[in-house]
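# Structural overview for review
Here is what each chain is made of, one letter per residue.
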Amino acid sequence: MRTVPFPIHRKRRLRVSEPMRSLVRETHLEPSQFVLPLFACPGEGVRKEISSMPGNFQLSIDELVKECEATFSLGVGGVILFGIPDAKDDLASGAYDENGIVQRAVRAVKSAVPRLIVITDVCNCEYTSHGHCGKIVNGEVDNDATLGWLAAAAVSHARAGADIVAPSDMMDGRVAAIRHSLDEYGFANTPILAYAAKFASVFYGPFREAAESTPQFGDRRSYQMDPPNAREAMHEMELDLEEGADMLMVKPAMPYLDLIRMARDRFPVPIGAYQVSGEFSMIVAAARNGWLDLDRAMMESLTSIRRAGADIILTYFAKDAARVLA
Ligand code: PBG
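So, here's what we can say about the structure.

Here is what the cut-offs are and how they apply
- Every chain is numbered on its own, with residues counted from 1 as its sequence reads.
- In view of the model being predicted, local features appear only for residues whose pLDDT reaches at least 70, and side-chain atom pairs are presented and counted only at 80 or more, with totals across whole chains, interfaces and linings using the full set of residues.
- Side-chain numbers here rest on the full set of heavy atoms in the structure, without hydrogens or water.
- Burial classes: relative accessible area under 20% of the type maximum marks a residue as buried, over 50% as exposed, and values in between as partly exposed (1.4 Å probe, protein chains only).
- Starting at the N terminus, helices and strands are each numbered in turn, a helix being any DSSP run of H or I of at least four residues and a strand any DSSP run of E of at least two.
- What the arc describes is the spread of directions from the helix axis to the C-beta atoms.
- Any two residues whose heavy atoms approach within 4.5 Å at even a single point are treated as in contact.
- A pairing counts as a salt bridge when a side-chain nitrogen of Lys or Arg comes within 4 Å of a carboxyl oxygen of Asp or Glu.
- Only residues whose relative accessible area exceeds 30% and that form no salt bridge enter a patch; like-charged residues are grouped when within 9 Å of one another, and nonpolar side chains (Val, Leu, Ile, Met, Phe, Trp, Tyr) when within 5 Å.
- Values of accessible area rely on a 1.4 Å probe in the Shrake-Rupley scheme; residue burial ignores everything except the protein chains shown.

## Focus: helix α10 (residues 257–266)
Residues L259, I260 and A263 constitute the buried set of α10. For α10, the arc enclosing every buried residue in end-on projection is 105°, short of the 170-degree limit, so these residues lie on one face. For α10, the elements touching its buried residues are α9 (231–243), β10 (247–251), β11 (271–275) and α12 (294–308).

## Quick look at the pattern of salt bridges
For the structure shown, the criterion picks out 16 salt bridges. Between R47 and E63 there is a salt bridge, with its nearest N and O atoms 4.0 Å apart. Note that R47 is positioned in strand β2 (residues 47–49) and E63 in helix α3 (residues 61–73), a separation of 16 residues in sequence. Judged by its relative accessible area of 41%, R47 falls in the partly exposed class.

## Things to note about the environment of G290
Here G290 shows up in the loop between α11 (277–288) and α12. Taking the relative accessible area as the measure of exposure, G290 reaches 62% and is therefore exposed.

## Considerations on a nonpolar patch on the surface
A cluster of nonpolar side chains, L14, L23 and V24, forms an exposed patch at the surface whose accessible area comes to about 290 Å². Mapped onto the fold, L14 is located in the loop between α1 (5–8) and α2 (18–23). A residue is classified by how much of its surface remains accessible, and L14, at 43% relative accessible area, is partly exposed.

## Observations regarding the environment of W149
You can see W149 is positioned in helix α6 (residues 143–160). Classification of W149 by relative accessible area gives buried; the value is 9%. Remark: the alpha-carbon pair of W149 and I178, spanning 29 residues in sequence, is separated by 9.6 Å. Those residues in contact with W149 that lie beyond four places of it in its chain are D90, L91, A92, Y96, N124, T128, G134 and K135.

Next comes the structure, spelled out in structure tokens:
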């Protein structure tokens, strides 16, 4: 006679208590693998809350340094910096200005907290008057004309002391262009974390309020990826690796867990995942309505991203999650 699994197998035996569950737990979160996104703005003593992202602020550099000290003392691995410049123009000049907001912020953070990893987002949308990620030629974002801006921005970030540069613009060939310029200017050891599979997602909404980077016409669908495409995402990642990326990122995270897993299984480099502003704000909004427990939703969402295969998680929850893990 065929043996029936039950009552021989009782999966509940290993769920009986927290110590037992802890013994057999498969996925662990480490604060050292979190990266906190921060927004640098002009001025002094500025700490302006972003209304659609409670607990996140536009910070002047002095305040940003304090935030980085607090972040580091919680064991969080790094920060990724975005800039809100004084003025925007058609040439995104603030993006590659040696004295731009991000360049100054990097210098200040690296001198105050040298052991905190500082990543810079390399993009133009925060610096262009039209809010697009590249140069507009005949009403369209011109790919090749944008590469020089990106390479110049990456070099200026490296010169300021950035540990890692992370291009998020989705122009073709940007990783090669950035790698080439970094090497040429003496930054052969600065790694590139490519936002390789970055989708044209509705979940960036709150960020665009934070970074004041909403496109003034059209949208980003001619350069960011089409959400239904997984095979194409793998090709984007393959190309970025060939162009010299050291690490690859999937963004957003939770709606694209399948791609994080595919990337983890396919590529030998560290895989990052960006739990974006909309993912953060949905959870916080539900918690504020009393519909979800904030800490549990936060930890479960981060665990799912890690279980899917992410080595590095960029998340607005970095500090809070580090506190829970402490
Ligand atoms: C810049 C950039 C964006 C985000 C990261 N880098 C916005 C966009 O592409 O529109 C989004 C991050 C978030 O939503 O948290 N291109």
